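Structure assessment
For reference, the chains in residue letters:
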Amino acid sequence: GLAGIVEQIEAGKAPNEFTWGQGLGPNAGEWREMNGKLGGCLLDKAEAIAVHWDFRANSTKAVDVPQQFYHGLCTGLAACCASTSRRSWCLERAGPTYSLLAEIANGGESSSEVFARAFGGLTDAANEILGQVREGHSEKAALLLS
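An account of the accompanying structure is given in this report. Here the residue index of a chain counts from 1 through its sequence in written order. Given that this is a predicted model, residues contribute local features only at a pLDDT of at least 70 and side-chain atom pairs are listed and counted only at 80 or more, while totals for whole chains, interfaces and linings are drawn from all residues. Remark: hydrogens and water are excluded; side-chain values derive from all non-hydrogen atoms of the structure.

Next up on the list: the state of the cysteines. We call a pair of cysteine sulfur atoms a disulfide when they lie within 2.5 Å. Considering all chains together, one arrives at two disulfides under this definition. Here Cys41 is linked by a disulfide to Cys80, with a sulfur-sulfur distance of 2.0 Å. Its S-S torsion of about -85° marks the bond between Cys41 and Cys80 as left-handed, since a negative value means left-handed. With a gap of 39 residues between them, Cys41 in helix α2 (residues 34-52) and Cys80 in helix α3 (residues 67-81) connect regions that are remote in the sequence. An identical accessibility class is assigned to Cys41 and Cys80; each is buried. Bridging Cys81 to Cys90, the disulfide has an S-S length of 2.0 Å. Helix and strand definitions here come from DSSP, where helices need a minimum of 4 consecutive H or I residues and strands a minimum of 2 consecutive E residues; each element is numbered from the N-terminal end. Burial classes follow relative accessibility: with a 1.4 Å probe on protein chains only, a residue under 20% of its type's maximum area counts as buried, one over 50% as exposed, and anything between as partly exposed.

What follows concerns the environment of Leu43. Position of Leu43 relative to the elements: it lies in helix α2. On a C-alpha basis, the gap between Leu43 and Phe119 in space is 8.9 Å, while along the polypeptide they are 76 residues apart. Dropping the residues within four chain positions of it, Leu43 is found in contact with Leu24, Thr123, Ala126, Leu130, Ala141, Leu144 and Leu145. By definition, residues are in contact when any of their heavy atoms lie within 4.5 Å.

Before going further, it helps to spend a moment on helix α4 (residues 87-105). Every helix has an expected span of 1.5 Å times one less than the residues it contains. Taking 1.5 Å of rise per residue, the 19 residues of α4 would be expected to cover 27 Å, yet its terminal C-alpha atoms sit only 23 Å apart, more than 12% below that figure. At every residue, the bend is computed as the angle between two fitted axes, covering the seven residues ending there and the seven beginning there respectively. The sharpest bend along α4 reaches about 50° and sits at Ala94, with the proline Pro96 one to four residues further on. Of all the positions in α4, only Trp89, Cys90, Leu91, Ala94, Gly95, Thr97, Tyr98, Leu100, Leu101, Ala102, Ile104 and Ala105 are classed as buried. Downstream of α4 by a residue or two, Gly107 has a phi angle that is positive, lying close to 95°.

Moving on, we come to the environment of Gly72. Here Gly72 lies in helix α3. For the pair Gly72 and Ser110, spaced 38 residues apart in sequence, the C-alpha to C-alpha distance is 16 Å.

In this section: the pattern of salt bridges. The rule for a salt bridge is simple: a side-chain nitrogen of Lys or Arg has to be within 4 Å of a carboxyl oxygen of Asp or Glu. As enumerated under the stated definition, the model contains five salt bridges in all. For Glu135, the salt bridge identified is with Arg32, shortest N-O distance 3.9 Å. With Glu135 in the loop between α5 (112-130) and α6 (139-145) and Arg32 in the loop between α1 (2-10) and α2, this residue pair connects regions lying 103 residues apart in the sequence. Judged by its relative accessible area of 69%, Arg32 is exposed.

All right, on to the side chain of Thr123 then. Note on placement: Thr123 falls in helix α5. Under this definition, polar contacts are N or O atom pairs within 3.5 Å; protein pairs additionally need one hydrogen-donor-capable and one acceptor-capable atom, and for neighbouring residues in sequence, both atoms have to be side-chain atoms. A polar contact of 3.2 Å, which involves the side chain of Thr123, links it to the backbone oxygen of Gly120. With residues near it in sequence (within four places) discarded, Thr123 still touches Leu43, Ala46, Leu144 and Leu145.

Quick look at the packing of aromatic side chains now. The pairing test for Phe, Tyr and Trp rings, Trp by its six-membered ring, is centres within 6.5 Å, and the orientation test on the planes gives stacked under 30 degrees, edge-to-face over 60, and tilted for anything in between. One pass over the structure, following the stated rule, counts two aromatic pairs. Pairing Phe18 with Trp20 gives two aromatic rings, centres 6.1 Å apart and planes at 65°, and the pair type is edge-to-face. Ring geometry for Phe69 against Tyr70: centres 6.1 Å apart, planes inclined by 70°, an arrangement best described as edge-to-face. Across the pair, Tyr70 and Phe69 agree in class, each one buried.

What follows concerns unusual backbone geometry. With a phi angle near 55°, Ser83 is a residue other than glycine that sits in the positive phi range. Owing to a relative accessible area of 52%, Ser83 belongs among the exposed residues under this scheme.

Have a look at this one:
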């Protein structure tokens, strides 16, 4: 699960692909606060979901995306929770989304409803943590959070 991958990253046994995304920080730049970086990391994964999946209301099938994309998203999400003072918060808030994505990565059902739940889980968590950041975020981040 998520905690296991986080432990592997922290032990140096899995790559740490932490990123807080492009153009999400204040003035479309980078955050200085760790909470901002964590929120940006979660938002970066939500953006990847939005870019790669079809959220049209009348759609029943998602865009066909290789399973390695889902595996990469899981690893990236785990990197958000690694090496942060908010590790337990991140594990709790990102855990359900990680489980959804891991199931898809392992051949499980992928529907627009599942992707919408994953996107919503990440944006809710990002919104919560970014609400504690004094330096703000970009207009692009605001669009993803709305």
